[in-house]
Each structure stands twice: as C-alpha cells, then as structure tokens.
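What follows is the residue order along each chain.
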Amino acid sequence: GCVDTKTYTVNIVCPALTITPGVLPDGYVTASYAHTLNVSGGNAPYTWTLDAGSLPSWLTLNSATGELTGTAPSTTAAASTFTIRVTGAYGCTATQTYSIGVRAMSIGDIVWHDANYDGVRNGSEVGIGGATVQLFSLGTDEEAYTSDDVQVGPDKTTGVLGTYRFDNLPANDYYVKVTPPAGF
C-alpha cells in the first residue's frame, strides 16, 4: 500500500453578527429598567459579556439572554458608556457600544380660562396667573382624590401666563389639583 500525506488549510469565516437595538433609552429615577439585546446572524447559544467600560452600578447583564435589568437610583446620573460583546457557538463575535444615564421626570402645563368649557385651550383663552397647583401621587387604593393620596412637594403658584412645572419626579402615578386664585 501506498501512503501519502496532504496538508490542508481551513479558514473559518464567521457570519456577520449584529446586535440590536443600536441605542438604549436612559433610565428614570427609581423606575425599573428592562431591555433585552438581540443578535442576528451566527449560531446559538450566545453568550453576552461586558467588553469595555462599566455598566451603571444599578444595571446587570444576563449573560445567557442579553437582558439588561435593574432599578435606577433616586437621583439623576450622567451617562455611563460601555460596550457589550456577544459570542456565538463557534466563537464569532460582535460588539455594540451604549450610553445610559438616569433622568428625572417633570410634569407641567398651563392653567387657563376655559371660556367655552370644551377642555381644549383655544387661541383666545388666556392663562390664569396666581392659581395654586398641587401634585399628588396615588395612595394604596390607586384612586385619585382619596384620603390616602400623598402630596408631592410644595404647592406651586402659576406664573402670569398660567404656567407651572414640577421637576425631578420619580416614576409614579400622579394627578394635579388646581385651585383658582381668589375672585376668579
């Protein structure tokens, strides 16, 4: 018998992997955060890891599912920039860089004289300055205007154009109570 040896070179070409979404939303003070990263291309199973930077301290990355979860802190925070890497079954990888900060919410609007009682501000209906505006969060019964509701922050007085605004609010269910100025 004849015996021969032949050398072969095998080049492994990874398919293009793409991580989506390309941008993640910021978190909001005290609110739950849950967003799942997805990958297209390659072969499962996938492993998700932090490739560069640091996750915000309040977030965790599930290495099996690509889900980012956590509860944002009670104060706003500048964006943290980090890079996530996904690795497929045969070692093919992709990375995506994200920036996530923590924002506070605001509630504001205009108190106006609804002359035609339609609940819609028309061009001729002017704002009412000097009205008292109170912000409440719903109590445990989850119904507005009940005794277990809690006032959030101090009363606001509308400006000359009828404007008001409550800032730096955590995620919650709120309602606004307006008391018109004396003589209105």
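The structure we're discussing is the one just above.
Residues numbered from 1 in each chain as written. Predicted model: local features only at pLDDT ≥ 70, side-chain atom pairs only at ≥ 80, totals over all residues. Heavy atoms only, no water.

Here's the deal with the overall build of the protein
Test applied: Starting at the N terminus, helices and strands are each numbered in turn, a helix being any DSSP run of H or I of at least four residues and a strand any DSSP run of E of at least two. We take the radius of gyration over the C-alpha atoms and set the globule estimate at 2.2 Å times the residue count to the 0.38 power. Only protein chains enter the area calculation, which uses a 1.4 Å probe; residues under 20% of their type maximum are buried, those over 50% are exposed, and those in between are partly exposed.
A count of helices and strands for the protein gives 0 helices and 15 strands. Taken against the 2.2 N^0.38 rule, which gives 16 Å for 184 residues, the C-alpha radius of gyration of the protein at 27 Å runs more than 25% over that of a compact globule. Here the C-alpha coordinates of the protein stretch approximately 115 × 35 × 30 Å along the principal axes. For the protein, the proportion of its 184 residues judged to be buried stands at 27%.

Remarks on the sheet that holds strand β7 (residues 67-71)
Worth spelling out the cut-off: A pair of strands counts as paired when DSSP detects no fewer than two bridges linking them. Interaxial angles span 0 to 180 degrees and are taken between N-to-C directions of axes, which are lines fitted to C-alpha atoms, for helices over the stretch in contact.
With respect to topology, 3 strands assemble into an open sheet ordered β3-β7-β6, the strand pairing being antiparallel. Two strands close off the open sheet at either side, each with one partner strand: β3 (32-36) and β6 (59-61). Put simply, the sheet's adjacent strands are angled 15° from each other on average, direction ignored. Sheet topology places β6 next to β7; 3 bridges connect them, and they run antiparallel. Paired with Leu61 across the strands is Leu68, a residue of β7.

Digging into the pattern of salt bridges
This is how the line gets drawn: A carboxyl oxygen of Asp or Glu within 4 Å of a side-chain nitrogen of Lys or Arg is what we treat as a salt bridge.
The full count for this structure, using the stated rule, is 3 salt bridges. Among the ionic pairs, Arg103 bridges to Asp26, the shortest N-O distance being 2.9 Å. Taken as a pair, Arg103 in strand β9 (residues 93-103) and Asp26 in the loop between β1 (18-20) and β2 (27-28) lie far apart in primary sequence, 77 residues in all. Between Arg165 and Asp167 there is a salt bridge; the shortest N-O distance is 2.5 Å.

What about the sheet that holds β9?
The 4 strands lie next to each other as β2-β9-β8-β5, forming an open sheet whose pairing is mixed. The outermost strands of the open sheet, each flanked by one partner alone, are β2 and β5 (47-53).

Side note on the side chain of Thr83
To keep it simple, the criterion reads: We call two residues in contact whenever any of their non-hydrogen atoms come within 4.5 Å of each other.
Assignment of secondary structure puts Thr83 in strand β8 (residues 77-87). In this view, Thr83 contacts Thr49, Leu50, Asp51, Ala52, Thr95, Gln96 and Thr97; residues no more than four positions away in its chain are not counted.

Examining the packing of aromatic side chains
The cut-off we apply is this: Any two of the Phe, Tyr and Trp rings considered here, Trp counted by its six-membered ring, make a pair once their centres fall within 6.5 Å; the pair's planes then place it as stacked at under 30 degrees, edge-to-face at over 60, or tilted in between.
If you walk through the whole model with that rule in mind, you get 5 aromatic pairs. Between Phe136 and Tyr175, the aromatic rings sit 5.3 Å apart at their centres with planes inclined by 15°, giving stacked as the arrangement. With Phe136 in strand β11 (residues 132-137) and Tyr175 in strand β15 (residues 174-179), this residue pair connects regions lying 39 residues apart in the sequence. What makes Tyr175 buried here is its relative accessible area of 12%. Note on Tyr164 and Phe166: the rings are 6.1 Å apart at their centroids and 65° apart in plane angle, and the pair reads as edge-to-face. In this structure, Tyr164 and Phe166 share a single accessibility class: buried.

Notes on the nonpolar core
When a protein is soluble and globular, its nonpolar side chains tend to lie buried together. Selection rule: Nonpolar cores were defined as sets of buried Ala, Val, Leu, Ile, Met, Phe, Trp, Tyr and Cys residues, with membership established by side-chain atoms within 4.5 Å.
Formed by 22 residues in total, the largest nonpolar core has its most connected members in Leu37, Trp48 and Ile84. Where this core is concerned, the elements lending two or more residues are β6, β8 and β9. Here the element with the most residues in this core is β9; it accounts for 4 residues. Look past the residues within four positions of Ile84 in its chain and what remains in contact with it is Ile19, Leu37, Trp48, Thr49, Leu50, Asp51, Leu55, Leu61, Ala94, Thr95, Gln96 and Tyr98. In terms of nonpolar packing, the next biggest core, distinct from the first, is built from 8 residues, Val111, Val133, Tyr164 and Leu169 among them.

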